[in-house]
Every structure is written in C-alpha cells, then in structure tokens.
Amino acid sequence: MGEVRFGQAINLALDESLENDPSVVVFGEDIARPGGPFGVTRGLQAKYGELRVRDTPISEATLVSAAVGAAMSGLKPVVEIMFMDFITLAMDGLVNQAAKARFMFGGQCSVPMVLRTPHGGGLNAGPQHSQCLEAWCAHIPGLKVVVPSNPADAYGLLKAAIADPDPVIFVENKALYAAKGPMEDAPGPLEIGQAHIARPGTDVTVVTYGATVKTALRSAGSLSESGIELEVIDLRSIQPWDEATVLASLSRTHRLIILHEAVTAFGTGAEIAARMADVGFDELDAPIVRVGAPFMPVPFAASLESQYLPDADDLIAAVHKVLA
Amino acid sequence: MTSNSQKRLLGFYERMLLVRECELKLSALFADGEVPGFIHLSVGQEAVAIGVMDALNDSDTIASNHRGHGHAIAKGVDLDSFFLEIMGKQEGICGGRGGSMHVADMSVGMLGANGIVGAGIPLAVGSALAHQVHNTQNIAVAFFGDGALAEGVLHESFNLASLWKLPILFVCENNGWSEFSPTSMQFVAEVRDLATAFKMPSRQVDGNDVSAVADVTAEIVSTIRSNGGPQVLECTTRRVHGHYEGDPQQYRDADELASVSDYDPIVLCEEVLQKMKTAGRDIAAIRTRVADRVSAATDAGRAGTLPSFGHLLADVYTPARGA
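Bear in mind the structure is a predicted one, so any value in this text is a computation, not a measurement.

> Would you mind going over the overall build of chain A with me for this structure?
Of regular secondary structure, chain A possesses 12 helices and 14 strands. Considered along the principal axes of its C-alpha atoms, chain A spans approximately 60 × 45 × 40 Å. Out of the 324 residues in chain A, the part that is buried amounts to 58%. Put simply, 79% of the contacts in chain A that link residues at least 6 apart link residues at least 24 apart.

> Where do I start with the overall build of chain B in this structure?
For chain B, the helix and strand inventory stands at 11 helices and seven strands. Its C-alpha atoms give chain B a radius of gyration of 19 Å, within 12% of the compact-globule value 20 Å for 323 residues. Taken along the three principal axes of its C-alpha coordinates, chain B extends 60 × 50 × 45 Å. Looking at the 323 residues of chain B, the share that counts as buried comes to 52%. Of the contacts made within chain B by residues no fewer than 6 positions apart, 76% connect residues no fewer than 24 positions apart.

> When you look at the packing of helix 8 (residues 212-225) of chain A against helix 12 (residues 312-323) of chain A in this model, what are you seeing that I'm missing?
Residue and element names in this part refer to chain A. Where helix 8 meets helix 12, the axes come as close as 9 Å, and the angle between the chain directions of the two elements is 55 degrees. Relative to helix 12, the element helix 8 lies oblique. Seen along the crossing, helix 8 lies across helix 12 with a hand that is right-handed. On helix 12, the residues touching Thr215, Ala216, Arg218, Ser219 and Leu223 of helix 8 are Ala312, Leu315, Ile316 and Val319. For the contact of helix 8 with helix 12, the class distribution of residues is six nonpolar, two polar and one charged.

> Can you walk me through helix 12 of chain A in this structure?
Counting along an α-helix, one turn takes 3.6 residues, and residues three or four places apart therefore face a common direction. Residue and element names in this part refer to chain A. For helix 12, which comprises 12 residues, the first-to-last C-alpha distance of 16 Å matches the rise-based estimate of 16 Å (1.5 Å per residue) to within 8%. Regarding helix 12, the residues found buried are Leu315, Ala318, Val319 and Val322. Along the long axis of helix 12, the arc covered by the buried residues comes to 105 degrees, so they all point the same way. Facing away from the buried side of helix 12, by more than 90 degrees, are the exposed residues Asp313, Ala317 and His320. Those residues of helix 12 that are buried are in contact with strand 10 (204-208), helix 8, strand 11 (230-234), strand 13 (256-263) and strand 14 (289-293).

> For this particular structure, what's the right way to read the sheet that holds strand 3 (residues 168-174) of chain B?
Strand pairing in a sheet relies on backbone hydrogen bonds. The paired strands run either parallel or antiparallel. Residue and element names in this part refer to chain B. With parallel pairing, five strands are arranged side by side in an open sheet as 1-2-3-7-6. On the outer flanks of this sheet lie strand 1 (61-63) and strand 6 (202-206), each paired with one strand and no other. Strand-to-strand twist of the sheet, defined as the mean angle between neighbouring strand axes without regard to direction, takes the value 20 degrees.

> How should I be thinking about the nonpolar core in this particular structure?
Soluble globular proteins tend to pack their nonpolar side chains together in the buried interior. Membership of the largest hydrophobic core comes to 199 residues, with the highest contact counts inside it found for A:Ile257, B:Val141, B:Ala142, B:Ile168 and B:Val171. Looking at this core, the element that brings in the most residues is helix 1 (residues 4-31) of chain B, giving 10 residues. Excluding anything up to four places from it in sequence, B:Val171 contacts B:Val48, B:Val52, B:Val141, B:Ala142, B:Phe143, B:Leu233 and B:Cys235.

> Help me out: how do you make sense of the interface of chain B and chain A in this one?
Where the parts come together, the accessible area they lose is often given as the size of the interface. Listed as interface residues are 35 residues of chain B and, on the opposing side, 35 residues of chain A. Here the side of chain B that touches chain A takes 10 residues from helix 5 (residues 120-134) of chain B, the largest share from any one element. Its residues assigned to classes, the side of chain B that touches chain A shows 20 nonpolar, 12 polar and three charged.

> Would you mind going over the sheet that holds strand 14 of chain A with me for this structure?
Residue and element names in this part refer to chain A. What the five strands build is an open sheet, ordered 9-11-10-13-14; its pairing is mixed. Every interior strand has two partners, whereas the edge strands, strand 9 (196-199) and strand 14, have only one. The average angle at which neighbouring strand axes cross in this sheet is 25 degrees, direction not considered. Pairing of strand 9 with strand 11, which is carried by three bridges, proceeds in the antiparallel orientation. In the strand pairing of strand 11, histidine 196 is matched with aspartate 234. Packing against the sheet, helix 10 (residues 268-279) makes contact with strand 10, strand 13 and strand 14, and its axis sits at approximately 160 degrees to strand 13. Each of strand 10, strand 11, strand 13 and strand 14 touches helix 12; the most contacted strand, strand 14, lies at about 165 degrees to it.

> Explain the pairing of strand 2 (residues 24-28) of chain A here, please?
Side chains on a regular strand alternate between the two faces of the sheet. All names here are of chain A. For strand 2, a buried count of five out of five residues is recorded, marking the element as mostly surrounded by other parts of the structure. Pairing geometry for strand 2 and strand 4 (residues 76-80), over five bridges, is parallel. Bridge pairing links valine 24 to lysine 76 in strand 4. Bridge analysis of strand 2 against strand 3 (residues 53-55) gives three bridges, and the strand direction is parallel. Bridge pairing links phenylalanine 27 to arginine 54 in strand 3.

The rules behind these values
- For every chain, the first residue of the written sequence is number 1, and numbering continues from 1 onward in sequence order.
- Chain letters start at A and ligand numbers start at 1, both assigned in the order the entries are written.
- Thresholds applied to this predicted model are a pLDDT of at least 70 for local features of residues and 80 or more for the giving and counting of side-chain atom pairs; totals over whole chains, interfaces and linings are not thresholded and use all residues.
- Think of it this way: any DSSP run of H or I at least four residues long counts as a helix, any run of E at least two long counts as a strand, and we number them from the N terminus.
- Neighbour counting defines burial: a residue surrounded by 20 or more other C-beta atoms within 10 Å of its own C-beta is buried, one with 12 or fewer is exposed, and intermediate counts give partly exposed, using backbone-placed C-beta atoms.
- Residues are scored as being in contact if the C-beta atoms we place from backbone atoms lie within 7 Å.
- It is over C-alpha atoms that the radius of gyration is taken, and the globule rule equals 2.2 Å times the number of residues to the power 0.38.
- Where helices are involved, their axes are fitted lines through C-alpha atoms of the stretch in contact, as for all axes, and angles between N-to-C directions lie from 0 to 180°.
- Should an angle fall under 35 degrees it is called roughly parallel, over 145 degrees roughly antiparallel, and 65 to 115 degrees roughly perpendicular, with every other angle called oblique.
- By definition, turning the near helix anticlockwise from the far helix through less than a right angle yields a left-handed crossing, and turning it clockwise yields a right-handed one.
- Amino acids are sorted into nonpolar (Ala, Val, Leu, Ile, Met, Phe, Trp, Tyr, Cys and Pro), charged (Asp, Glu, Lys and Arg) and polar (every other residue, Gly among them).
- By this rule, a helix spans an expected 1.5 Å times one less than how many residues it contains.
- By definition, the arc is the one covered by directions from the helix axis to the C-beta atoms.
- Paired strands, as defined in this entry, are two strands with at least two bridges between them according to DSSP.
- The nonpolar core criterion groups buried Ala, Val, Leu, Ile, Met, Phe, Trp, Tyr and Cys residues into a set whenever they are joined through C-beta atoms within 7 Å.

None of this, on its own, says anything about what the molecule does.
Below, the structure is given as structure tokens:
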C-alpha cells in the first residue's frame with residue numbers, strides 16, 4: 001500500500017469494518033455528510049448509507065449513551081467525539097453505563113462500542129480543545145484505552161477495537177492526522193495490550209504512546225550521536241498496558257523515563273512509575289522520571305503552548321538526569 | 001361466567017398484586033436487614049408497569065430507573081433470580097453485583113434499572129436505533145419519573161429520537177415528586193408541551209387505571225411498530241413510599257400523603273372487578289397464588305449463597321476466547 005496518512009488509515013479501518021460487519025454503525029457530530037472535522041470519515045456515508053453512518057446533533061451525552069444502548073442491543077457502534085475535551089459531557093455514558101454494564105449485570109452482556117476522539121495540542125486550539133484526558137478513562141475499570149502513534153498502528157488497533165467486545169476509547173492525536181507512514185497491503189489487526197519496541201536501545205527505557213513516540217525517536221537519534229542509546233517503547237494502549245514488555249526493557253537498561261503529552265500529575269506515567277517501583281525495584285539504577293505537561297490548563301498563545309508541550313529538550317534533560 | 005374483559009382485568013390484577021406484594025416483602029426484608037443497600041419502591045405505581053408492558057413482546061427492550069422493580073417483574077424477570085439479586089446472592093440475576101438499582105435481564109429485553117436519574121432514557125434511544133438498523137418491528141421503551149424531566153439527556157434524547165424517527169416510547173411516570181421535592185418546584189414545563197416542541201405525539205393517561213394505561217399503550221405501540229416514530233406517554237400516578245425505603249417523608253403534607261390510598265391502582269382495579277360481579281373466590285385464588293409465589297421467591301432468596309470475591313476480576317472485561 002506504501003505510505004498512508006494517519007487519518008486515511010483510520011478511514012480505511014472504518015470502511016472495512018462497515019463492509020465486513022453489518023452490525024457496525026458509525027455516528028457523531030458532522031462525521032457523515034461533512035466527512036468529519038478532520039476529514040477522517042469522508043466518503044463513508046456515501047458508501048454505506050444514512051442508516052449506518054449518521055450525523056448527530058450536538059448532544060455528546062446522549063450520543064455516547066445511545067451507543068451503549070445500541071451495543072447492548074446487538075450493534076457495534078463507533079462514535080466520534082469531536083474533541084476529547086467534550087467527553088466531559090458524556091461521562092455518565094462512559095463511566096456509569098458503558099464501563100459497568102458487563103460487571104454489574106453479572107456478565108449478561110458486553111458493550112462492544114468504540115469511542116474515537118482526538119486529543120492533544122499543537123493547533124493553538126486553547127484550553128478546551130487541546131486536553132489529553134486519557135488517564136481519566138484508564139482509571140475506570142471496564143474501559144479500554146488505545147492511543148496509536150502511526151498510521152499502520154491506527155489501522156490495526158482500530159480494527160481490534162471495533163472487534164473488541166468491550167468499550168474502547170480510541171484516542172487520536174490531532175497533530176498526527178496528516179502524518180504519513182508505511183502500511184502493508186493487507187495488514188491484520190493488532191492486539192490491544194501489546195506494546196511495540198519502536199527502537200531498541202541499551203541505556204535508558206523511554207515508555208510513551210501517541211504523538212510523543214515521535215518525540216522520543218527524534219531524541220533517540222540525536223542522543224545516539226553522543227553514545228546514549230534509548231530504548232523507545234510505544235505502549236499502543238494504556239488500559240490495558242503491557243507491563244511485561246516495560247519490565248523486560250527496564251531489566252535491560254535499568255533506567256526508566258515515562259513521556260506523555262498529558263499533564264504529569266496523577267497521569268499514566270504515575271501509574272507506570274508506581275508499578276515499576278514495585279515490581280522492578282531491584283532493576284532500577286536511578287529514580288524513575290516522568291516527562292509530561294506542567295500542571296496547568298493548555299494555554300492558547302503559540303509562544304505559551306509551545307513551551308507547555310513536552311518536547312525533545314525536556315526528554316533529553318530527563319535522560320541526562322537518570323544517567324547522572 | 002367470566003367474560004374476556006374480566007379475564008383481562010383479572011390478569012392485570014394478579015400482575016399488579018405480584019409487584020405490590022414483592023415490594024412489600026422487600027420492604028420488610030430491608031427493615032430486617034436481609035436486603036442491603038438502598039431500595040426504591042414503586043408502591044402505588046404498579047398500573048404503569050403492568051399496563052405498558054401488556055403491549056410489549058419479549059423482543060422489545062426497556063430501560064428502567066431506580067424505581068424499577070415493577071418494570072423488571074412486568075417484563076418477565078425470573079422472580080427467584082430477582083429476589084436473589086436484591087438480597088445480594090451469588091445466584092441473583094446479576095450475581096449479586098448490581099442489586100435493586102441494577103436489576104437487568106437481557107433474555108427478556110430488560111436493559112437494566114439505573115442508579116442515575118434519566119440515564120436509561122438515552123440507553124433506550126440507542127436500543128431503538130438498533131431496532132431500526134436491524135429493521136425489526138421491535139420497539140424500545142424508556143421509563144422515567146417526572147424527576148428526570150430536568151435532566152439534559154431527556155431533552156437531547158427527545159430531539160434525537162424525533163430527528164431519527166426511532167421506534168421508541170417515552171413513558172413518564174409522573175408521581176409529582178422529584179426525590180424529596182415536589183416537581184412543581186423543580187420543573188416549569190409540561191411533558192406534553194415538551195413532546196410537542198420536539199414534534200412527537202403525546203398522550204396523557206390516568207396512571208392508576210391499569211386498563212386505561214394498557215389500552216392507550218396498545219394503540220401507541222402499534223403506531224410505533226409501523227414506523228410511526230417516537231411517542232410520549234405521561235402516566236399520572238402517586239408515590240406511596242418515600243424516595244428510598246426508610247425515608248420518613250417529613251417533607252410531605254400529611255393530608256396529601258393520606259390521600260394516596262384513594263388512588264391505589266390495585267384497590268381501584270378490585271372495585272371494577274366487583275362491579276363486574278367477579279366471583280370472590282377468583283380474587284381470593286389470585287391472592288393465594290401471589291402470596292405463595294412471593295413466599296417461594298423469598299425462600300429462594302434466603303437459600304442463596306453469598307457471592308465470593310474470587311472470580312470478580314474476571315468479569316470486568318469480557319474473558320478472552322478460550323480463556
């Protein structure tokens with residue numbers, strides 16, 4: 001297939017899922033006729049019709065809860081929330097309904113739905129259109145949280161998410177939509193919960209996901225010139241997350257950094273650090289360091305946002321800290 | 001000689017009495033500490049659950065609320081499993097993980113009671129979407145109280161259902177109370193005006209007259225089944241017990257509270273049966289059957305085992321195939 005863009009890979013996964021499974025339906029705000037705010041769902045309504053690919057009113061709470069009810073009644077809905085910041089409006093559907101139905105009804109049903117939503121800054125979209133809220137979702141027993149870093153993974157993980165019997169939050173970093181990457185001609189689905197070693201290395205393990213995988217790879221390239229080899233682990237999903245792969249890497253490098261765009265405090269990195277401090281304590285030659293956004297809302301002005309977002313310099317400083 | 005209309009009414013009477021006696025038994029079990037947690041009783045509102053459900057099939061789906069015992073029983077949840085669940089037992093319909101506020105039975109299209117006011121409404125909308133996409137004649141029904149009228153998802157759901165012409169019936173059980181406050185002090189609009197605003201037909205019915213509820217629902221449901229789009233049914237009724245069991249209801253006027261028995265749907269039904277010259281032994285036989293059934297369910301509930309914690313983690317997510 002050659003090179004495809006991140007958004008195209010998602011479109012392809014949706015297209016094939018609609019084609020192969022009549023129970024798949026896709027709905028969200030402006031996703032059908034207009035083709036989605038980032039063009040990701042373009043062409044799907046024309047191909048699969050108004051019954052299965054629908055624009056919804058601006059009613060996040062109801063469209064997410066309706067996805068739950070539909071999933072309990074035999075459909076596999078894939079709903080889009082236009083910006084991850086807007087899941088705040090749909091938290092009852094996610095937290096109290098989707099996440100709990102299987103458990104609280106004694107396993108009578110599962111909730112095979114996917115919620116796709118873009119997170120992340122870089123567009124100067126300001127405090128209410130830029131947040132990375134994935135750790136909220138990962139904190140809720142019953143939800144799965146997937147965050148792909150490249151087109152091929154986005155395709156494979158979305159296919160897996162749609163096939164998954166449980167509710168999956170599929171988080172797409174806005175800065176990646178236009179990014180290109182290689183994709184095989186007939187790629188299969190990936191396994192949710194399995195990390196990928198994006199770059200092998202011997203000195204420091206950097207655990208990351210989503211758009212900051214690129215940041216880590218870039219930093220690894222420049223550090224390599226000075227003889228420091230980073231091992232970059234792309235988690236692919238943060239709930240469940242691949243503890244075994246992280247621990248095995250830590251056992252080789254003995255140094256661990258967790259990098260994400262989300263606010264550091266109480267984030268995904270905190271969970272991984274705490275777990276590795278427990279099961280990997282004997283392997284550690286340095287304190288575990290987290291690199292993420294400062295504890296503040298995402299600021300608007302370009303000069304402010306660029307300083308807010310964790311970048312290669314922040315990661316390189318952390319690498320020098322754990323090697324000191 | 002028992003006429004068909006008498007037989008129908010006797011059926012309603014028996015089903016309403018079953019809901020009533022189950023709830024009164026649960027109330028007693030709760031007071032004795034045999035039912036943990038919170039329970040919210042629908043005593044006085046039985047005609048709505050029984051009347052509406054009379055028009056539904058097993059393949060129709062319902063989403064209920066915290067005051068949902070009547071809906072569950074009327075939809076056909078197995079009574080022993082129902083008692084076992086509410087008494088927190090392993091053999092309960094939800095394995096003892098849900099309790100009164102989360103009774104569900106997917107096998108009869110009961111998508112769950114709900115602990116969040118109004119939350120069942122959009123779930124039913126989604127279920128109606130599934131019926132529409134699957135192109136069946138099935139419908140979804142959302143049961144909610146007047147307390148849910150002020151919830152945002154109700155307004156969103158009315159709009160979405162009407163926009164998409166979904167096969168759904170919205171049933172408002174208007175008992176006048178939003179938890180501990182009169183709804184008149186909480187909500188300024190009328191249900192029928194909301195329905196009109198969202199371009200849905202609506203009907204109002206005396207929710208204490210089981211035959212009236214059943215007749216009106218049957219008409220509405222047949223229209224919805226023939227792709228007539230969503231409709232709203234408002235059933236006016238009375239809440240006899242408190243918001244939750246144990247609620248002393250000090251916020252209620254004594255005269256208002258005393259008057260609720262004048263509207264008791266079971267007493268009203270029995271009066272009609274007597275006017276129809278129904279044999280006393282027929283009614284007595286129903287009472288005996290219901291008492292025996294409730295007694296058996298109570299025994300079943302007591303005989304259940306306390307759930308063990310060991311396997312709980314295995315059901316947070318669907319177990320992998322072959323696992």
